[in-house]
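# Structural features, examined
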Amino acid sequence: MARGGGLFVDASSQLSRVLRIPRIVIGGTIVSIATTVPELLTSVQASLQDDTGMALGNAVGSCITNIGLIAGVVAIIMPIEFDRSVVLKRSAWMVLGAVLIVFFSWDLTMSRTYAAALLFLAALYLAWDVVGVIRSRADMNDRTADDNPKTLNAVGRFLLGAVFVTFGSWLLVETGQDIAKFIGVSSEVIGLSVVAFGTSVPELVTGVTAARRGMSDLSLGNIIGANVLNLLLIVGASGAITPLVLKPVSQQYAFPWLGLFFAVLLGVVIRHGVIRRAAGIGFLLLF
């Protein structure tokens, strides 16, 4: 998995240079889509088995893990510097997703209609991303990179790295689920903890590798983009398959912690414009 993470980050950085797109944007688009595949597959599979507690817990728990564990570790390795306006625009989608999930599931259920609304917003977010990328490239020169051998090489390495990282995280999730079920933990708790950690391993591997190579902004873009997709795409897809039925633990425990982690992250972003080691330690302690 570590080898896959290296390929993943190197290819993402190369794509950023060749396509003339900021790394934080690459992290928030194609990298976040690739690294959320384990969450998507896990939650969809859980929903198909009518285990909606696992489906929702995995998505919410992954968001918490992305901020508390991954952003914390990355910031300890090296400060995360970024364009504040870019981060805030993307974070607005993340907060919107969280608010809508709380509102849509206020009575401990989420209908297919509400789930479809989340899926629509996920599509809107991805479309907004594509338009933003096109506009950012239009501000530069008109040279295209479609036929550039470096682009094809980067795409191939990116896909290969994504396969390694995804397969490794799948093995971790399968093992974690078996252990948790053996000791008799409920599906909601499994989703919020063991499974959420396991499906967040691609983001963790990507983040640590990016930080060690001086590209922590790529990791932050990946974290925020992955959180948006967790809340809109993954919860939406799970609820569209089987209407979600929540237990009180989600409202009384998971949602408040999710809100706290979002508030802490945005507080650091707005006030300091950089996530330093002290903030990273704070994230880890909170996690």
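Just so it is clear, the model here is predicted, and its values are computed rather than measured.

As a further point, take the overall build of the chain. Each helix and strand counted, the chain has 12 helices and 4 strands in total. For the chain, restricting intrachain contacts to residue pairs at least 6 apart in sequence, the fraction spanning at least 24 positions comes to 85%. Here the chain has roughly 12,600 Å² of accessible surface; of this, 66% comes from carbon and sulfur atoms.

The residue methionine 110 is located in strand S2 (residues 109-110) in this model. Taking the relative accessible area as the measure of exposure, methionine 110 reaches 1% and is therefore buried. Excluding anything up to four places from it in sequence, methionine 110 contacts Ile101, Phe104, Ser105, Ala115, Leu118, Val235, Pro243 and Leu244.

The next thing to look at is helix H9 (residues 201-212). Relative to the 16 Å expected for 12 residues at 1.5 Å per residue, H9 spans 16 Å between its end C-alpha atoms, a close match to the ideal helical length. With 10 of its 12 residues buried, H9 lies for the most part within the structure. By the burial criterion, the buried members of H9 are Val201, Pro202, Glu203, Leu204, Val205, Thr206, Gly207, Thr209, Ala210 and Ala211. Residue glycine 214 follows H9 closely and has a positive phi angle near 75°.

A word on empty space enclosed by the protein. Here the structure, examined in full by the defined rule, presents 1 cavity of 30 Å³ or more. What lines the largest cavity is simply Gly53, Leu56, Gly57, Val60, Glu188, Leu192, Ser250, Ala254 and Phe255. Of all the elements in the fold, those that place two or more residues in the lining of the largest cavity are helix H4 (52-77), helix H8 (187-199) and helix H11 (248-272). Residue contributions to the lining of the largest cavity peak at 4 residues, all from H4. Across the lining of the largest cavity, the residue classes tally to 5 nonpolar, 3 polar and 1 charged.

About the thresholds
- Residues numbered from 1 in each chain as written.
- Predicted model: local features only at pLDDT ≥ 70, side-chain atom pairs only at ≥ 80, totals over all residues.
- Heavy atoms only, no water.
- Helix = DSSP H or I, 4+ residues; strand = E, 2+ residues; numbered from the N terminus.
- Contact = heavy atoms within 4.5 Å.
- Areas by Shrake-Rupley, 256 points an atom, 1.4 Å probe, with all protein chains shown as cover.
- Buried < 20%, exposed > 50% of the residue type's maximum accessible area, 1.4 Å probe, protein only.
- Expected span 1.5 Å × (residues − 1).
- 1 Å grid on protein atoms, 1.4 Å probe; cavity = no way out; pocket = protein on both sides within 12 Å on 5 of 7 lines; lining within 4 Å.
- Points joined across faces, edges and corners; volume = space filled by probe spheres on them.
- Nonpolar A, V, L, I, M, F, W, Y, C, P; charged D, E, K, R; others polar.

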